[in-house]
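A look at the structure
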Amino acid sequence: MSRRPSLPRPATTVLAVVLTTGLLAACSGGASEPSSSPAPSTSAATATPTATETPTPTEEAPPTSPTTPAFDKTALSVDDPASLWVVSDKLRPLDPVDYAPTDLVTPDVVHQNPPTLRAEPAAAVVAMFQAGEAEGAGSFQVQSAYRSYDTQVSVYAGWVQRLGQAQADAQSARPGFSEHQTGLALDISPVPLSCALQACFGDTTQGRWLAANAWRFGFLLRYPADKVAVTGFTYEPWHFRYVGVPLATEMHDTGVTTLEEFFGLPAAPDYAR
């Protein structure tokens with residue numbers, strides 16, 4: 001039996017195949033058109049914005065303590081006999097040599113000789129004696145204080161007569177060179193009287209207290225034992241010179257014990273003539 005010739009597929013069959021193929025492509029996403037605006041990347045979308053850095057504040061320097069001004073050694077004259085800082089020694093006579101203070105007073109203290117002094121040291125010695133007694137050093141008295149030029153002539157002559165001029169010059173100032181003439185110096189002795197004008201005064205309770213505390217009241221132990229070559233006078237633990245509290249405190253704090261050294265003046269072991 002003879003075969004029939006093959007006939008072409010109906011158009012409907014071809015259409016079905018095409019539709020099936022299209023659906024498969026749509027499901028796989030392969031036929032999707034790329035988006036005109038690409039989606040932002042995950043890293044860019046989730047990045048945390050960087051915070052603006054705050055500059056570290058500059059640390060302020062700690063406040064500095066105010067500088068204590070240096071002691072002014074020129075505040076008062078060392079040449080004027082009326083100055084609290086006048087320096088009188090064997091090379092520095094008073095000018096004029098017969099100088100006499102104008103503000104002499106007599107403080108109310110126990111004394112062997114008139115306790116006349118200038119007003120400021122007179123008030124200071126009263127306070128000093130009261131403090132010494134209150135602090136257990138015992139009682140004090142003024143052995144000698146202001147001496148005029150004429151009085152110093154007599155005092156010095158008496159020393160020369162007893163000891164000769166060389167020894168007198170080691171223990172007593174010539175007229176016109178004496179600190180007693182300034183009204184700023186005094187000799188102190190204990191009550192009851194002992195070791196008056198003697199080195200042993202330095203070993204009494206009064207002498208030891210004065211050596212340690214006189215600066216608090218403006219006084220200076222003027223002729224220390226280790227400064228004879230500077231001052232020209234033997235050790236006199238009884239002789240105190242008023243210079244005022246500021247200078248006495250500065251000398252105490254710096255450990256300088258003579259006016260010559262503090263003010264840079266020449267040592268005065270002997271008279272020039």
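Residues numbered from 1 in each chain as written. Predicted model: local features only at pLDDT ≥ 70, side-chain atom pairs only at ≥ 80, totals over all residues. Heavy atoms only, no water.

Taken in spatial order, the four strands make up an open sheet running S3-S4-S6-S5, and their pairing is antiparallel. Pairing within the sheet leaves two strands with one partner each, and these edge strands are strand S3 (139-144) and strand S5 (219-221). The mean angle between the axes of side-by-side strands here comes to 40°, regardless of whether they run parallel or antiparallel. Across five bridges, the pairing between S3 and strand S4 (residues 185-191) is antiparallel. Across the sheet, the residue bridging to Ser139 is Val191, located in S4. (Pairing = 2+ DSSP bridges. Helix = DSSP H or I, 4+ residues; strand = E, 2+ residues; numbered from the N terminus. Axes fitted to C-alpha atoms, helices over the stretch in contact; angles between N-to-C directions.)

Counted under the stated rule, the structure contains eight salt bridges. As a salt-bridge pair, Arg222 and Glu179 come within 2.7 Å of each other at their nearest N and O atoms. In this pair, Arg222 sits in the loop between S5 and helix H7 (228-231) while Glu179 sits in the loop between helix H5 (165-171) and S4, placing the two residues 43 residues apart along the sequence. On the basis of relative accessible area, Glu179 is assigned to the buried category, the value being 2%. A cluster of three or more residues bridged by salt bridges with shared partners is formed by Glu179, Arg222, Arg241 and Glu260. (Salt bridge = Lys/Arg side-chain N within 4 Å of Asp/Glu carboxyl O. Buried < 20%, exposed > 50% of the residue type's maximum accessible area, 1.4 Å probe, protein only.)

The subject of this paragraph is helix H3 (residues 119-134). Helix length check: H3 (16 residues) gives 23 Å between terminal C-alpha atoms against 22 Å at 1.5 Å per residue, within 8%. Those residues of H3 lying buried are Pro121, Ala122, Ala124, Val125, Met128, Phe129, Ala131 and Gly132. A positive backbone phi angle near 90° is found at Gly136, which sits one or two residues after H3. (Expected span 1.5 Å × (residues − 1).)

Our focus in this paragraph is the layout of surface pockets. The space that makes up the largest pocket amounts to roughly 400 Å³. As for the largest pocket, its lining consists of 22 residues, of which Arg147, Trp159, Gln171, Asp187 and Glu236 are closest to the centre. Secondary-structure elements contributing two or more residues to the lining of the largest pocket are S3 and helix H4 (149-163). Per-element tally for the lining of the largest pocket: the top contributor is H4, with four residues. Within the lining of the largest pocket, the residues separate by chemical class into seven nonpolar, 10 polar and five charged. (1 Å grid on protein atoms, 1.4 Å probe; cavity = no way out; pocket = protein on both sides within 12 Å on 5 of 7 lines; lining within 4 Å. Points joined across faces, edges and corners; volume = space filled by probe spheres on them. Nonpolar A, V, L, I, M, F, W, Y, C, P; charged D, E, K, R; others polar.)

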